[in-house]
Amino acid sequence: MWGLTARAMDPIVSYSAGVAYIKFGKNEPQLLLVLQKSGEKNTQKTGGVFIEEKVWKMPMGHFNPQKDSDLIATAHREFEEEAGLTFDKELIDPELSVSLRILSERPGAQFHEDKFFLVVAEDEPKPVSGKERDEAIEKAKFFPLNGLPNGKTKSSEGASLSWGHRKKLTKLLAACEENPKGKEIVDSILKSLMGKQ
């Protein structure tokens, strides 16, 4: 049930899934982020509205039972829609993931769960042909893991990596390091980062 199929999902939980795509070969590890535009409105249970800020984040989005067979499909679809890029879905290893559950502020669910998958590849993802990028996303860009956007540098374009996504990335790497399959990957990434300092 690593991919968590629609049949196995809890009806009182809403689900999202995303990918932390790290390009790591001969050069330092780089994380693909998307720049979310400000202004998107999300209705909350209280009737209030939460307005999204302009932030960098990892590509992710909500499970759609009409489009997705499981959360791996959600993560891959959202990556394509938000980044305008694609990669072989087989690179998503369900064991290299983390789930984070919180109380939901949105109508229709008591809890919300984010599932993030770690993908480490030597190659850049390829452009998706025939699809428009999600209109809420301005662009996709790789950042060095030891130079994630903080809103102060020119390359960050006045926006920071969202606090929530920074926390999710940290938890994902920690969870993968506890997995025998992920430990070697995470250790090699950390070793590369240490060598750059």
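This write-up is about the structure you can find in this document. Only a predicted model underlies this, so the values are computations on that prediction, with no experimental measurement involved.

What counts and what doesn't
Residues numbered from 1 in each chain as written. Predicted model: local features only at pLDDT ≥ 70, side-chain atom pairs only at ≥ 80, totals over all residues. Heavy atoms only, no water. Helix = DSSP H or I, 4+ residues; strand = E, 2+ residues; numbered from the N terminus. Buried < 20%, exposed > 50% of the residue type's maximum accessible area, 1.4 Å probe, protein only. Contact = heavy atoms within 4.5 Å. Areas by Shrake-Rupley, 256 points an atom, 1.4 Å probe, with all protein chains shown as cover. Core = buried A, V, L, I, M, F, W, Y, C linked by side-chain atoms within 4.5 Å. Pairing = 2+ DSSP bridges. Salt bridge = Lys/Arg side-chain N within 4 Å of Asp/Glu carboxyl O. Expected span 1.5 Å × (residues − 1).

**Overview of the overall build of the protein**
What the protein contains, in helices and strands, is three helices and eleven strands. Secondary structure elements of the protein occur, N-terminal to C-terminal, as β-β-β-β-β-β-α-β-β-β-β-β-α-α. Counting every position in the protein, which comprises 197 residues, the buried fraction comes to 46%. Intrachain contacts of the protein at a sequence separation of at least 6 include 67% that bridge at least 24 residues. With an accessible surface of roughly 10,900 Å², the protein has 51% of that area assigned to carbon and sulfur atoms.

**Let's talk about the nonpolar core**
Of all hydrophobic cores here, the largest spans 26 residues; its most connected members are Ile22, Leu31, Leu33, Leu118, Leu145, Leu148 and Leu169. Elements with a contribution of two residues or more to this core: strand 1 (13-23), strand 2 (30-36), strand 8 (97-103), strand 9 (111-121), helix 2 (163-177) and helix 3 (180-196). Of all the elements, helix 2 adds the most residues to this core, at four residues. Not counting residues up to four positions away in its chain, the partners in contact with Leu148 are Leu31, Leu33, Phe143, Leu161, Arg166 and Leu169. With 22 residues, the next largest nonpolar core counts Val13, Leu32, Phe87 and Val119 among its residues.

**Digging into the pairing of strand 1**
For strand 1, a buried count of ten out of eleven residues is recorded, marking the element as mostly surrounded by other parts of the structure. Here strand 1 pairs with strand 9 via eleven bridges, running parallel. Counterpart to Ser16 in the pairing with strand 9 is Asp114. Across three bridges, the pairing between strand 1 and strand 6 (residues 60-62) is antiparallel. Residue Ala17 lies in a different strand from strand 6, and its bridge partner there is Gly61. Here strand 1 runs beside strand 2; their pairing, made up of two bridges, is antiparallel. Paired with Lys23 across the two strands is Gln30, which belongs to strand 2.

**Quick word on unusual backbone geometry**
The phi dihedral of Glu157 is positive, around 55°, even though this residue is not glycine. Look at Glu157 and you get partly exposed, because its relative accessible area is 26%.

**Regarding the pattern of salt bridges**
Going through the model one piece at a time under the given rule, you end up with 14 salt bridges. A salt bridge links Arg101 to Glu113; the shortest N-O distance between them is 2.8 Å. Taken together, the residues Arg101 in strand 8 and Glu113 in strand 9 connect sequence positions twelve residues apart. We classify Arg101 as partly exposed; its relative accessible area is 43%. Residue Glu113 is classed as buried on the basis of its relative accessible area, which comes to 11%. It is possible to trace a salt-bridge network through shared partners that takes in Lys67, Asp68, Arg77, Glu78 and Glu81.

**A few points about the side chain of Lys57**
For Lys57, the position within the fold is in strand 5 (residues 55-57). Given a relative accessible area of 7%, Lys57 falls into the buried group. Apart from residues lying up to four places away in sequence, Lys57 is in contact with Leu33, Val34, Gln36, Glu82, Ile137, Leu161 and His165.

**With respect to helix 1 (residues 71-83)**
If you check helix 1, its first and last C-alpha atoms are 18 Å apart, about what 13 residues at 1.5 Å a residue would give, namely 18 Å. By the criterion of burial, helix 1 is predominantly enclosed, with twelve of the 13 residues buried. Here helix 1 has its buried residues at Leu71, Ile72, Ala73, Thr74, Ala75, His76, Arg77, Glu78, Phe79, Glu80, Glu82 and Ala83. Trailing helix 1 by a residue or two, Gly84 shows a phi angle of about 70°, which is positive.

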